[in-house]
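# Inside the fold
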Amino acid sequence: MKKMLDKNNPENTVVYVIFRGKFNEKYECVGVLIREEKNSIRIVFNVKNDKVVDYVDIKRVDVISIEILDSSSIKKL
């Protein structure tokens with residue numbers, strides 16, 4: 001899997017991820033990619049006062065697909 005996080009880009013890298021859970025169930029999430037390591041990635045959902053509140057660490061082996069979303073396609077719910 002190629003690197004998706006560009007630390008030189010001031011914009012958030014918003015991603016749509018499909019991944020397997022512990023019992024092979026399938027999950028989907030959208031969030032900001034803030035960490036990309038050899039064996040895992042971290043997706044953030046909520047930040048308060050510049051501190052991460054909600055996130056998920058996903059093992060790369062469990063990632064089925066990951067797609068960078070264009071910020072223009074993001075809508076407020």
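Criteria and thresholds
- Residues numbered from 1 in each chain as written.
- Predicted model: local features only at pLDDT ≥ 70, side-chain atom pairs only at ≥ 80, totals over all residues.
- Heavy atoms only, no water.
- Pairing = 2+ DSSP bridges.
- Helix = DSSP H or I, 4+ residues; strand = E, 2+ residues; numbered from the N terminus.
- Axes fitted to C-alpha atoms, helices over the stretch in contact; angles between N-to-C directions.
- Core = buried A, V, L, I, M, F, W, Y, C linked by side-chain atoms within 4.5 Å.
- Buried < 20%, exposed > 50% of the residue type's maximum accessible area, 1.4 Å probe, protein only.
- Contact = heavy atoms within 4.5 Å.
- Patch = residues over 30% accessible without salt bridge, like charges linked within 9 Å, V, L, I, M, F, W, Y side chains within 5 Å.
- Areas by Shrake-Rupley, 256 points an atom, 1.4 Å probe, with all protein chains shown as cover.
- Salt bridge = Lys/Arg side-chain N within 4 Å of Asp/Glu carboxyl O.
- Polar contact = N/O pair within 3.5 Å; in protein donor to acceptor, adjacent residues only side chain to side chain.

### Here's the deal with the sheet that holds strand β5 (residues 63-68)
Pairing is antiparallel across the open sheet formed by five strands, whose spatial order is β4-β3-β2-β1-β5. Both outer strands of the open sheet, β4 (51-59) and β5, are each paired with one neighbouring strand and no more. Strand-to-strand twist in this sheet, taken as the mean axis angle between neighbours without regard to direction, amounts to 40°. Bridge count between strand β2 (residues 26-36) and strand β3 (residues 40-48): four bridges; the pairing is antiparallel. Residue Glu-36 lies in a different strand from β3, and its bridge partner there is Ile-41.

### Some points on unusual backbone geometry
Phi angles above zero are rare outside glycine, and Asn-24 is one such case at about 70°. At Asn-49, a position not held by glycine, the phi torsion is positive, near 50°. Among the secondary structure elements, Asn-49 is positioned in the loop between β3 and β4.

### A few points about the nonpolar core
Core analysis: the biggest nonpolar cluster contains eleven residues, these being Met-4, Val-15, Val-17, Phe-19, Cys-29, Leu-33, Ile-41, Ile-43, Ile-58, Val-63 and Ile-66. Counting only elements with at least two residues in this core, the list comes to β1 (14-20), β2, β3 and β5. If one sorts the elements of this core by residue count, β1 sits on top with three residues. When residues no more than four places from it in sequence are discounted, the contact partners of Leu-33 are Met-4, Leu-5, Thr-13, Val-15, Ile-41, Arg-42 and Ile-43.

### Considerations on the pairing of β4
Alignment of β3 against β4, held across eight bridges, turns out to be antiparallel. Opposite Ile-41, over in β4, you have Ile-58 as the bridge partner. Counting the residues that bridge the hairpin from β3 to β4 gives two residues, and of these Asn-49 lies at a positive phi of roughly 50°.

### Structural notes on a nonpolar patch on the surface
On the surface, Ile-34, Val-47, Val-52 and Tyr-55 cluster together to form a nonpolar patch covering roughly 340 Å² of accessible area. Topologically, Ile-34 is positioned in strand β2. On the accessibility criterion, Ile-34 (37% relative accessible area) is partly exposed.

### Re the side chain of Arg-60
Along the chain, Arg-60 turns up in the loop between β4 and β5. Assessed through its relative accessible area of 15%, Arg-60 is described here as buried. One polar contact links the side chain of Arg-60 to the main-chain carbonyl oxygen of Glu-37, over a distance of 2.7 Å.

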